[in-house]
Amino acid sequence: MPHVPVLGLLALGGLAAAIAMARMIKRTARPTTSAAGARTVTPVEWFAEGEVGRVRGIVVADGPTYVGPLSGRTCVGYELTVRLGAPGADDAEYAEVIREVRWHPFAIDDGTGRALVRFEGDAHLTLGVVATEAGGADAVEADERAILDRHQQPALRHGRTPELRFRERAIAVGELISVTGRGVREADPSPRAADLGRGAPPTRLVLHPIAGQPLVLSTDPADLND
């Protein structure tokens, strides 16, 4: 076996490690395409300043949370509607009598980092719907009664003929979501970031609505699975 100097071995080992690391980074950074053929997914860690792209991760509260009026889920926001119609009426003939909207900015964690989603309702939403009905042969349940009372509509729960349709769309804490928007890098205000010491100030990714276009938020399985 030919003699190889120790320094030569170290150099070869360092080169091999560098190549392996480069391959690992390339695999990590390579975006994937959703089953629906939507915009490619970019890891938070690799999302560039000013880029318009899509991030997929777990919803994390970054402030107040709410409780879904129908689902009872802890969420960062929801949209609730109640529509009233006569028995046998077509859906288009139902009139909206209650709209309740609560949204707050939130974060998503994709394993490479967290992104703050500056969202207060200005978004295109593709979310699951919780739907219930009351009136006619269907009794008004406790959660539905609470909604009607909160909006000073107690008479609706005593009517014999009107039919009510309740619909809730929410973004629940802990669920997987896809968010498309423009990324901005800003100083990370967290205490942990302030204690890192010297070097460039740490930043966090913030997703904003795109100029002339709202954020796109989806919990559709087609947008969540590769």
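Here is a short report on the structure shown in this document. (Residues numbered from 1 in each chain as written. Predicted model: local features only at pLDDT ≥ 70, side-chain atom pairs only at ≥ 80, totals over all residues. Heavy atoms only, no water.)

### Details of the pattern of salt bridges
Thought 1: Evaluation of the coordinates by the stated rule reveals nine salt bridges.
Thought 2: With a closest N to O distance of 3.0 Å, Arg-150 and Glu-100 form a salt bridge. Of the two residues, Arg-150 sits in helix H2 (residues 142-150) while Glu-100 sits in strand E4 (residues 95-103), which places them 50 residues apart along the sequence.
Thought 3: Here Arg-165 ties to Glu-133 by a salt bridge, and the two come within 3.7 Å at their closest N and O atoms. Pair noted here: Arg-165 is in strand E9 (residues 163-172) and Glu-133 is in strand E8 (residues 129-135), with a separation of 32 residues, a long-range link.
Thought 4: Judged by relative accessible area, Arg-165 falls into the buried class, the value being 16%.
Thought 5: The class of Glu-133 is partly exposed, set by a relative accessible area of 41%.
Thought 6: Counted as one network, the salt bridges with shared partners bring together Glu-79, Glu-96, Arg-99 and Arg-169. (Salt bridge = Lys/Arg side-chain N within 4 Å of Asp/Glu carboxyl O. Helix = DSSP H or I, 4+ residues; strand = E, 2+ residues; numbered from the N terminus. Buried < 20%, exposed > 50% of the residue type's maximum accessible area, 1.4 Å probe, protein only.)

### A few points about the pairing of strand E3 (residues 74-85)
Thought 1: In terms of burial, E3 is a largely internal element, 10 of the 12 residues being buried.
Thought 2: Joining the antiparallel neighbours strand E2 (residues 66-67) and E3 is a turn of six residues, in which Gly-72 adopts a positive phi near 75°.
Thought 3: As judged from the 10 bridges shared by E3 and E9, these two strands associate in the antiparallel manner. The residue bridging Cys-75 from the neighbouring strand is Ala-172, located in E9.
Thought 4: Pairing of E3 with E4, which is carried by eight bridges, proceeds in the antiparallel orientation. (Pairing = 2+ DSSP bridges.)

### Looking at unusual backbone geometry
Thought 1: The phi dihedral of Gln-152 falls on the positive side, at around 55°, and the residue is not glycine.
Thought 2: Position of Gln-152 among the secondary structure elements: in the loop between H2 and E9.
Thought 3: The exposure class of Gln-152 is exposed, given its relative accessible area of 69%.

### So, the packing of aromatic side chains
Thought 1: Under the definition given, this model contains three aromatic pairs.
Thought 2: Taken together, a centroid distance of 5.0 Å and an interplanar angle of 50° make the contact between Trp-103 and Phe-119 tilted. Within this pair, whereas Trp-103 is found in strand E4, its partner Phe-119 is found in the loop between strand E6 (114-117) and strand E7 (123-126), the two being separated by 16 residues in sequence. This pair shows no difference in class: Trp-103 is buried, exactly as Phe-119 is.
Thought 3: With a centroid separation of 6.4 Å and an interplanar angle of 90°, the aromatic rings of Phe-106 and Phe-119 are classed as edge-to-face. Placement of Phe-106 in strand E5 (residues 106-109) and of Phe-119 in the loop between E6 and E7 is noted, with a sequence separation of 13 residues between them.
Thought 4: Looking at Phe-119, the relative accessible area reads 0%, which means it is buried.
Thought 5: Grouping aromatic residues by their ring pairs yields a cluster made of Trp-103, Phe-106 and Phe-119.
Thought 6: Between Arg-165 and the ring centre of Tyr-94, over which it is positioned, the NZ or CZ distance is 4.0 Å. (Phe/Tyr/Trp six-rings, centres within 6.5 Å; stacked < 30°, edge-to-face > 60°. Lys NZ or Arg CZ within 6 Å of the ring centre and 35° of its normal.)

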